[in-house]
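# Structure assessment
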Amino acid sequence: MSWINRVRNALPFTKKETTAETLWHQCPSCKEMVFIKEWEENLSVCPRCDHHGRIGPSERFEQILDAGFILLPTPGVPEDPLKFRDSKRYPDRIKAARASTGDQDALINARGAIDDVPLVMGVQNFAFMGGSMGMGVGAAFIQGINDAIAHKCPYVIFTAAGGARMQEGILSLMQMPRSTVAIQKLHAAGLPYIVVLTDPTTGGVTASYAMLGDIQISEPNALIGFAGQRVIESTIREKLPEGFQRAEYLLDHGMLDMVVHRSELRDTLARVIGYLTPRAAA
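- With an unreviewed UniProt entry as reference, the protein chain is termed Acetyl-coenzyme A carboxylase carboxyl transferase subunit beta, source organism Sphingobium yanoikuyae ATCC 51230.
- Here the protein chain is described in UniProt, under the heading Pathway (unreviewed entry), as follows: "Lipid metabolism; malonyl-CoA biosynthesis; malonyl-CoA from acetyl-CoA: step 1/1."
- Per UniProt, the protein chain carries the Catalytic activity (unreviewed entry) text "N(6)-carboxybiotinyl-L-lysyl-[protein] + acetyl-CoA = N(6)-biotinyl-L-lysyl-[protein] + malonyl-CoA".

Below is the structure:
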């Protein structure tokens, strides 16, 4: 029976039950090891140092929306309009991002409710090519706005991006004015636009729809800015203050309305939406 033992010992799945990847998560802030189960139960927030980990659309929707929300289909756009190639072909980068995240692009919308109050909610996924804003993100943002107008409800966006997508050049930068016009349409319909900035939100996203909310909310210690700190320091030839471009600094200087812990985000959004869209009297 020795051949059976040889086959059994060669099977690749015999030693996967206790690997670090399946049991532990290392906090990128305090470097402490946390059980994956504890990390997930704590909403991907470190129980030791309170660092807020980056999460994707599926986790956001589950944490924020009531059960029964509907994912909106991803709008179709030209996938390689400039035939761009660097060390890899642009279509290959898109395919790799889709395979690793399960999403079609960096912004996903869902229609649902918080405490039975309807809304449309968009979430940017930093894991998808750095959450970069290209034609797909612009189309999805406009889709979310139009769906909110059609259903007469607020649009809430969770931002997380490294900026515009360089592989689409000027076409990615054009999403900045397009998104601004869409927000004006939402305002014209008398509907709220709420922004939740998460780590990191930078570049052209910050310079457009991330800073145009009726209410500006952020998660703790989120990096928020346009250019990077080193670029700014080398340009102005000055040392920037401690904590510059972090959520708490921006709150103190009037760029944010509130900084909210992830565990309190759902209740905070329900309260804010209730203030901005009061229910009709019975």
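After presenting the structure, the write-up continues.
### Overview of the overall build of the protein chain
- Assigned secondary structure in the protein chain consists of twelve helices and nine strands.
- When contacts within the protein chain are restricted to residue pairs at least 6 apart in sequence, long-range pairs at least 24 apart make up 66% of them.
- Entry remark: accessible area of the protein chain is about 14,900 Å², with carbon and sulfur atoms responsible for 56%.
- Treating the 29 positive side-chain charges of the protein chain as one cloud and the 31 negative ones as another, the clouds have centres 9 Å apart.

### Structural notes on the environment of V260
- Here V260 lies in the loop between strand 9 (258-259) and helix 12 (262-276).
- For V260, a relative accessible area of 5% gives the class buried.
- Look past the residues within four positions of V260 in its chain and what remains in contact with it is I217, S218, E219, P220, L265 and T268.

### Re the domain arrangement of the protein chain
- Partitioning the protein chain into structural domains gives domain 1 (13-51) and domain 2 (55-276).
- With four residues of domain 1 at the interface, the matching set in domain 2 holds five residues.
- Around 430 Å² of area is buried between domain 1 and domain 2 when both sides are counted, 59% of it from carbon and sulfur atoms.
- Across the domain 1-domain 2 interface, the total number found is zero salt bridges.
- Applying the counting criterion to the domain 1 and domain 2 interface returns three residue pairs in polar contact (both at pLDDT 80 or more).
- Residue classes in the side of domain 1 that touches domain 2 are distributed as two nonpolar, one polar and one charged.

### Some details on the UniProt feature "binding site: Zn(2+)" (unreviewed entry) in the protein chain
- Residues given the UniProt feature "binding site: Zn(2+)" (unreviewed entry) here are C27, C30, C46 and C49. A maximum C-alpha distance of 8.7 Å among these annotated residues, which run over 23 residues, shows that they cluster at one spot.
- Tracing the backbone shows C27 in the loop between strand 1 (24-26) and strand 2 (33-35).
- Apart from the residues within four sequence positions on either side, C27 is in contact with E32, C46, C49 and H51.

### What to know about helix 5 (residues 90-101)
- Counted at 1.5 Å a residue, the expected span for helix 5 with its twelve residues is 16 Å, and the 17 Å between its end C-alpha atoms agrees.
- Among the residues of helix 5, those classed as buried are Y90, P91, I94 and A97. Take helix 5 and look down its axis: the buried residues cluster within an arc of 125 degrees, on one side only. Those residues of helix 5 that are exposed and angled more than 90 degrees off the buried face are K95, A99 and S100.
- Just downstream of helix 5 lies G102, where phi reads positive at about 80 degrees.

### Things to note about the pairing of strand 5 (residues 117-124)
- With seven of eight residues buried, strand 5 is to be regarded as a mostly interior element.
- Both strand 4 (residues 107-114) and strand 5 contribute to a ladder of eight bridges, which runs antiparallel. Across the sheet, residue I114 finds its bridge partner in strand 5, namely V117.
- Examined bridge by bridge, strand 5 and strand 6 (residues 155-161) share four bridges and lie parallel to one another.

Calculation rules
- Residues numbered from 1 in each chain as written.
- Predicted model: local features only at pLDDT ≥ 70, side-chain atom pairs only at ≥ 80, totals over all residues.
- Heavy atoms only, no water.
- UniProt positions renumbered as here; feature names shortened; annotations may be inferred.
- Helix = DSSP H or I, 4+ residues; strand = E, 2+ residues; numbered from the N terminus.
- Contact = heavy atoms within 4.5 Å.
- Areas by Shrake-Rupley, 256 points an atom, 1.4 Å probe, with all protein chains shown as cover.
- Lys, Arg positive; Asp, Glu negative; His and termini not counted.
- Charge placed at Lys NZ, Arg CZ, Asp CG, Glu CD.
- Buried < 20%, exposed > 50% of the residue type's maximum accessible area, 1.4 Å probe, protein only.
- Domains from an automatic or database assignment.
- Buried area = accessible area lost by both parts, 1.4 Å probe.
- Salt bridge = Lys/Arg side-chain N within 4 Å of Asp/Glu carboxyl O.
- Polar contact = N/O pair within 3.5 Å; in protein donor to acceptor, adjacent residues only side chain to side chain.
- Nonpolar A, V, L, I, M, F, W, Y, C, P; charged D, E, K, R; others polar.
- Expected span 1.5 Å × (residues − 1).
- Arc of directions from axis to C-beta.
- Pairing = 2+ DSSP bridges.

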